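Here are the chains, one letter per residue:
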Amino acid sequence: MDKAFLQTELDGPWLECTDERLAHDDIEKLDCALLIRYFEEKKNQEYFRLHRPGQAEAEAFPTGTPEEDRQLYETVCAQADLVGFGRYRMAYGYHWSDWNTAVVPLRWRLRQASADAPLFLAADVLWFVPEQQGLVLTRECFTINIQMRSGALVVSKMRYPAKENHPHYIRHWHRGAWTDATTLEIPENISDLAVEALRISTRQWSGIYPSITWARHGKRAVLAFATHPFDWNITVFRSFLGDAPYKRLFPREQKDNFHPLCTYLGIHPTKSLRRAYAKNPYAVLWYLLLKGWEVEDLNLIQKFYDFDQDFVGIPFSELRWADGAVQIPEENSARVDVPALRHYLYWIRRNKNEHAMTSELYRLQQKGITQEQMDTLQQFAQYEERLPLPLRWRLLKHGLTREVHDLISEAVMDLQTGLRNVEIAYTPEEEALEYQIGAYEFRLVRQTRELLRIGGEMRNCVAGYRTKVLRKESIIMTARTEDGYAICIELDGRHRLLQAYGPLNHPLSGDALLACRTWVAQCGLPVAFGRLAPADLSAAEDWDVRPLHPELLDGVSPE
């Protein structure tokens, strides 16, 4: 096998190349180009920009109809030997400092001299990095070499910028395998060809043609088969178990990994779990999670065996096995308060039954947990015994609805009324977040009693954040106009923006949305809330935009 694959349009398929020169010549000998479709938010327009290695200036082209874009692709492909296609979004216009390190593939190659020979997979790429002097564009070749008979696996490494770099230039570099250091993914049709070649190689030296019962694609599929050809399902447990137990329990040639896995985890495997593992190995994690939450009915557990991405939004890759149980990190990427969720589900089981508990979990797993529902869970976990009985029964009957959220928020405000008022202390960096943006004054909450006032006026659940605020787990801010509170904002302890809503938890729009986006840009805040990502701010150019504490800004704000 000796194949090469090229792409001829943005988001197009990777097609086998029949031109001998383009398929086999060294990338340094070929004329390469990079065509990027990007959205420049300040102008609210999309452009194409054409880059070439060693060329300081880039050519710009407007986007058009699909047919016009296709003609541009054809023109560029006719002018260059190899073309890479990318898509990016610019928050503040076209500046090199806004670009992350990126790798764009130009050509994929697969080569294997015979069924028993090593498989060579290569990605010829253009790699661009923002430096002080501008965009540095270089040709690179990333490779994977696999010898199935010996088990040898060699992945080329690359030098890449460290995360702690200054946003405008690169100070520190790391070195690691390209499969880990980049988001570059092997196209599905190419990874499928590679895996099929590896299956044939495995049959050549072992006499066994491995079956595949769980569909996987991309670089993780190729690497998984190379390391465990007879059961690539087991590879998903490496990070979960840790390297040492994983390597000891699952040798490369081992064909039955399911039973050693169950023995190590203390599971008495059922036939249904064995079948489920073959189709989706994460079924084992669901079994452990639900057993750990004291669900006994296997029929109820089996409903979850098809979910193969996450646990209520928390990626399975974040889970770990320790102390004989599944450990779910408190600080997870989905920002799910797992103890609060468990408290709620256990309460449903106590007052109804196990079926009702798992049905509610199944619904949350399918639809995801919204921030409003998370607020309800946290308030309920903290104040359950003090909430009015009719309100608790309403939650039990209707679940995590908006109506229940509002009623619990009102009840929590009533409970907070009798608590001692506490002054909230802030660091200079936090004080510097206070701004005047047009008619909106962005202020920190200074006393816990203010949370009650905000919750009452805006009809939201911020009063229930008292404990989180005092623990510095959350920072609550508001934006006020002459008419009163207009925006309620939550930052986490690391000053990352988590949520921002108007009265009644309505999404921001109009001037309020523009003001909040401008404030985010002025403060240089990291955003975990999609609607607040900086966008076109030109409409605010004539606004009064100024910090309320300018003396604190030196060394604090990137602006």
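This is a predicted model, so every value here is computed, not measured.

Visitor: Would you take a moment to explain the overall build of the chain for this structure?
Guide: The secondary structure content of the chain amounts to 20 helices and 22 strands. Counting all 559 residues of the chain, 51% fall into the buried class. Surface summary for the chain: the accessible area is close to 26,800 Å², and the carbon and sulfur share equals 48%.

Visitor: I tried to follow helix α13 (residues 354–367) on my own but got confused; where do I start?
Guide: Along an α-helix, a turn takes 3.6 residues, which lines up residues three or four apart on a common side. When the terminal C-alpha atoms of α13 are compared, their 20 Å separation across 14 residues agrees well with the 20 Å that a helix rising 1.5 Å per residue should span. Every buried residue belonging to α13 is among Glu354, Ala356, Met357, Thr358, Glu360, Leu361, Leu364 and Gln365, and all of these are buried. On the buried face of α13, the contacting elements are α10 (283–292), α11 (298–302), β13 (310–311), α12 (338–351) and α14 (371–383). One side-chain oxygen at the N-terminal end of α13 lies 3.1 Å from the backbone nitrogen of histidine 355; it belongs to asparagine 353. In the stretch just after α13, glycine 368 is the one whose phi turns positive, near 85°.

Visitor: I'm lost on the nonpolar core in this one. Help?
Guide: One broad rule of soluble globular proteins: the nonpolar side chains tend to lie buried together. With 67 residues, the main nonpolar core has Phe237, Phe240, Val284 and Phe311 as its most contacted residues. The contacts of phenylalanine 240, once residues within four sequence positions are left out, are Leu265, Leu285, Leu288, Leu319, Arg320, Trp321 and Val326. Of all hydrophobic cores here, the second largest spans 37 residues; its members include Phe442, Val462, Cys488 and Ala512.

Visitor: Please clarify how the sheet that holds strand β18 (residues 440–444) should be interpreted in this entry.
Guide: Read from one edge to the other, the open sheet built from 6 strands follows the order β21-β20-β19-β18-β17-β22, with strand pairing classed as antiparallel. What marks the edges here is a single partner per strand, and that holds for β21 (497–501) and β22 (545–547). On average, each strand axis in the sheet is tilted by 20° relative to the strand beside it, whichever way the strands run. In the sheet, β18 pairs with strand β19 (residues 474–481) via 4 bridges, with the strands oriented antiparallel. Bridge assignment links leucine 444 to a residue of β19, and that residue is methionine 477. In the packing of helix α20 (residues 510–523) onto the sheet, the strands contacted are β17 (435–437), β18, β19, β20 (484–492), β21 and β22, and the crossing angle to β17 comes to about 140°.

Visitor: What is the right way to look at the packing of aromatic side chains in this model?
Guide: When we look at a pair of aromatic rings, we describe it by the centre distance and by the angle of the planes. Counting across every chain of the model gives 23 aromatic pairs. Their ring planes at 85° and their centres at 6.1 Å tell us that phenylalanine 225 and tryptophan 232 sit as a pair that is edge-to-face. In this structure tryptophan 232 comes out as buried when scored by relative accessible area, which is 5%. The interplanar angle of 80° and the centroid separation of 5.7 Å between the aromatic rings of tryptophan 293 and phenylalanine 311 together place this pair among those described as edge-to-face. With tryptophan 293 in the loop between α10 and α11 and phenylalanine 311 in strand β13, the pair connects residues that are 18 residues apart, well separated along the chain. In this structure tryptophan 293 comes out as buried when scored by relative accessible area, which is 7%. Three or more aromatic residues link up through ring pairs in this structure, and these residues are Trp214, Tyr282, Trp286, Trp293, Phe304, Phe307, Phe311, Phe316 and Tyr362. Above the face of the tyrosine 362 ring, lysine 303 is positioned so that its terminal group lies 5.4 Å from the ring centre.

Visitor: Help me out: how do you make sense of the layout of surface pockets in this one?
Guide: Gaps left between atoms show up when a probe the size of a water molecule is rolled over them. Space inside the second largest pocket adds up to approximately 870 Å³. Considering the residues around the second largest pocket, the lining is formed by 31 residues, among which Glu330, Asp337, Gln378, Lys468 and Glu473 are closest to the centre. At 7 residues, the largest contribution of residues to the lining of the second largest pocket is made by α14. Counted by class, the lining of the second largest pocket contains 7 nonpolar, 11 polar and 13 charged residues.

Visitor: Looking at this structure, I do not really get the confidence of the model for the chain. What am I missing?
Guide: The predicted structure's coordinates, where accompanied by low pLDDT, should not be read in detail. Averaged over the chain, the pLDDT score is 87; the fraction of residues at 70 or greater is 90%. Low pLDDT (under 50) marks residues 91–99, which in the prediction has 27 contacts with non-local residues, meaning those over four places away or in another chain. Segment residues 165–169: pLDDT under 50, and 7 contacts once partners within four positions in sequence are set aside and those in other chains are kept.

Calculation rules
Residues numbered from 1 in each chain as written. Predicted model: local features only at pLDDT ≥ 70, side-chain atom pairs only at ≥ 80, totals over all residues. Heavy atoms only, no water. Helix = DSSP H or I, 4+ residues; strand = E, 2+ residues; numbered from the N terminus. Buried < 20%, exposed > 50% of the residue type's maximum accessible area, 1.4 Å probe, protein only. Areas by Shrake-Rupley, 256 points an atom, 1.4 Å probe, with all protein chains shown as cover. Expected span 1.5 Å × (residues − 1). Contact = heavy atoms within 4.5 Å. Polar contact = N/O pair within 3.5 Å; in protein donor to acceptor, adjacent residues only side chain to side chain. Core = buried A, V, L, I, M, F, W, Y, C linked by side-chain atoms within 4.5 Å. Pairing = 2+ DSSP bridges. Axes fitted to C-alpha atoms, helices over the stretch in contact; angles between N-to-C directions. Phe/Tyr/Trp six-rings, centres within 6.5 Å; stacked < 30°, edge-to-face > 60°. Lys NZ or Arg CZ within 6 Å of the ring centre and 35° of its normal. 1 Å grid on protein atoms, 1.4 Å probe; cavity = no way out; pocket = protein on both sides within 12 Å on 5 of 7 lines; lining within 4 Å. Points joined across faces, edges and corners; volume = space filled by probe spheres on them. Nonpolar A, V, L, I, M, F, W, Y, C, P; charged D, E, K, R; others polar. pLDDT = per-residue confidence, 0-100.

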